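Descriptive structure summary
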Amino acid sequence: MSDTTLRTPTLLSLVAPVYDEEELIEQFIGRATAALADYEFELVLVNDGSSDRTPELLDAAAAGDPRVRVIHLSRNFGHQAALTAGLEHAVGDVVAMIDADLQDPPELIPDMIARWSQGADVVYAVRKEREGETAFKLATASWFYKLFNKLAQVDLEPNSGDFRLLDRRALDALLAMTERSRFLRGMTVWVGFNQTAISYQRDARHAGETKYTLRKMLRFSLDAIASFSHLPLQLATYVGLLSAGVAFIAIPVVIVLRIVDSYLPGFSSITIAILLLGGIQLIALGVIGEYVGRIYDEVKHRPLYIVRDERNRPTGAGHSPAPAARAGLSAARHREPIG
Ligand code: UDP
Ligand code: MG
């Protein structure tokens, strides 16, 4: 795009999920506000059911600065749901998402806005280095991205987190995806548009510790893979075909061995075969179960999150999200009319 058509954001929304971050939330708000001083902006902080002093600190920040909006969820709904809540409530024409633990530097956002001005619709930040992360986290993250890119149809940049900036059009496309198990960084790639990467140095967490337990991480990875790939389901077919093929070949072999009288009867081989096949069948059932469980979650159509309270909600028509959206992804929006 040429310089004459450079666009500037009318209102920038910066969305951050916050869960038990009392040690650093004030510092985060300070740094984010300073980094965005040149822009008209709103900071949308989603309190994901924190049980420490975070809610009071957030309310105090909102009382002191009308640009700081706070959305209190009714309990802990998890990172991706909290992020979705923030994105649904954001009213800006450009929306950025960031972690509140200062691992993602808010100072990078002006650079991301510059890319947007030049015509990019989605600007995602790729971590050059990741400081202060355990070797285990780095290794599992790298395996995950490799596996995900093998299985899924979207090309996810390894080491890209949720730190990204979206144009309103891309955000609306993203919010039209109403699935319950949300892998937002994959979904923002899936929507397409003009995507650009920008690299940065990922800092260590400033205080507190990761809110992602090993269990949460595993669930998150399974969600990601199951919502972007059917390959695990199809795998059962291939393994089944293979073992059935082996059995069919084994039949004539056994007959021949009987005839030439060199057949060795053995219980152990039978036992191993039964265990192997039984194991494969159970694994296949488990894989189907992972998908059926997710289908069940989708069919129930529960809201993704529930808002308990809100601070500094923008007033005026077109500014507040539809009432249905406030209780999570609107079910009514996507339901067929009754009667
Ligand atoms: N977070 C959240 N709900 C959760 C877990 C995390 O809102 O259930 C927030 C957390 O406060 C932080 C961001 O999501 O702002 C990323 O979490 P964290 O830093 O613990 O993840 P990591 O960087 O270790 O992957
Ligand atoms: Mg973190």
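Overview of the structure. What you see is a predicted model, and the numbers here were worked out from it, not measured in a lab.

What follows covers the pattern of salt bridges. Summed over the entire model, instances satisfying the criterion amount to 17 salt bridges. Here Arg-31 makes a salt bridge to Glu-107, at a shortest N to O gap of 2.8 Å. Of this pair, Arg-31 sits in helix 1 (residues 25-35) while Glu-107 sits in the loop between strand 4 (94-97) and helix 4 (109-117), and the two are 76 residues apart along the sequence. Here Glu-310 makes a salt bridge to Arg-69, at a shortest N to O gap of 3.5 Å. Here Glu-310, found in strand 8 (residues 307-311), pairs with Arg-69, found in strand 3 (residues 68-73); they are 241 residues apart in sequence, far enough to count as distant. You can call Arg-69 buried: its relative accessible area is 2%. Shared partners join several salt bridges into a network, and the residues in it are Arg-7, Asp-121, Asp-167 and Arg-169.

A cluster of nonpolar side chains, Phe-248, Ile-249, Ile-251, Val-253, Ile-255, Val-256, Leu-257, Ile-259 and Val-260, forms an exposed patch at the surface whose accessible area comes to about 890 Å². Relative to the assigned elements, Ile-255 resides in helix 9 (residues 231-259). The class of Ile-255 is partly exposed, set by a relative accessible area of 46%.

Another point: helix 5 (residues 135-151). Between the first and last C-alpha of helix 5 there are 24 Å, a value that for 17 residues agrees with the 24 Å anticipated at 1.5 Å per step. Burial in helix 5 covers these residues: Thr-140, Ala-141, Phe-144, Tyr-145, Phe-148 and Leu-151. The buried residues of helix 5 all sit within an arc of 140° when viewed along its axis, so they share a single face. More than 90 degrees from the buried face of helix 5, the exposed residues found are Ala-135, Trp-143, Lys-146 and Lys-150.

Let us now look at the pairing of strand 1 (residues 12-18). Every other side chain in a regular strand lies on the same face of the sheet, so the side chains alternate between the two faces. Buried residues dominate strand 1, accounting for seven of its seven residues. Side-chain alternation along strand 1 places Leu-12, Leu-14, Ala-16 and Val-18 on one buried face and Ser-13, Val-15 and Pro-17 on a second face that is also buried. In this structure, strand 1 lies alongside strand 2 (residues 41-47), joined through seven bridges in parallel fashion. Looking at strand 2, one finds that Ala-16 is bridged to Leu-45. At this point the chain moves from strand 1, through helix 1, to the parallel strand 2, and the crossover so formed is right-handed. By the bridge criterion, four bridges tie strand 1 to strand 4 in an arrangement that is parallel. The partner of Ser-13 across the bridge, within strand 4, is Val-95.

Where burial is concerned, the two faces of strand 4 agree: the one with Val-94 and Ala-96 and the one with Val-95 and Met-97 are both buried. In the sheet, strand 4 pairs with strand 6 (residues 160-167) via four bridges, with the strands oriented antiparallel. When the bridges of strand 6 are listed, Ala-96 appears paired with Leu-165.

Rules and cut-offs
Residues numbered from 1 in each chain as written. Chains lettered and ligands numbered in written order. Predicted model: local features only at pLDDT ≥ 70, side-chain atom pairs only at ≥ 80, totals over all residues. Heavy atoms only, no water. Salt bridge = Lys/Arg side-chain N within 4 Å of Asp/Glu carboxyl O. Helix = DSSP H or I, 4+ residues; strand = E, 2+ residues; numbered from the N terminus. Buried < 20%, exposed > 50% of the residue type's maximum accessible area, 1.4 Å probe, protein only. Patch = residues over 30% accessible without salt bridge, like charges linked within 9 Å, V, L, I, M, F, W, Y side chains within 5 Å. Areas by Shrake-Rupley, 256 points an atom, 1.4 Å probe, with all protein chains shown as cover. Expected span 1.5 Å × (residues − 1). Arc of directions from axis to C-beta. Pairing = 2+ DSSP bridges. Right-handed = clockwise from strand over helix to strand, strands pointing away.

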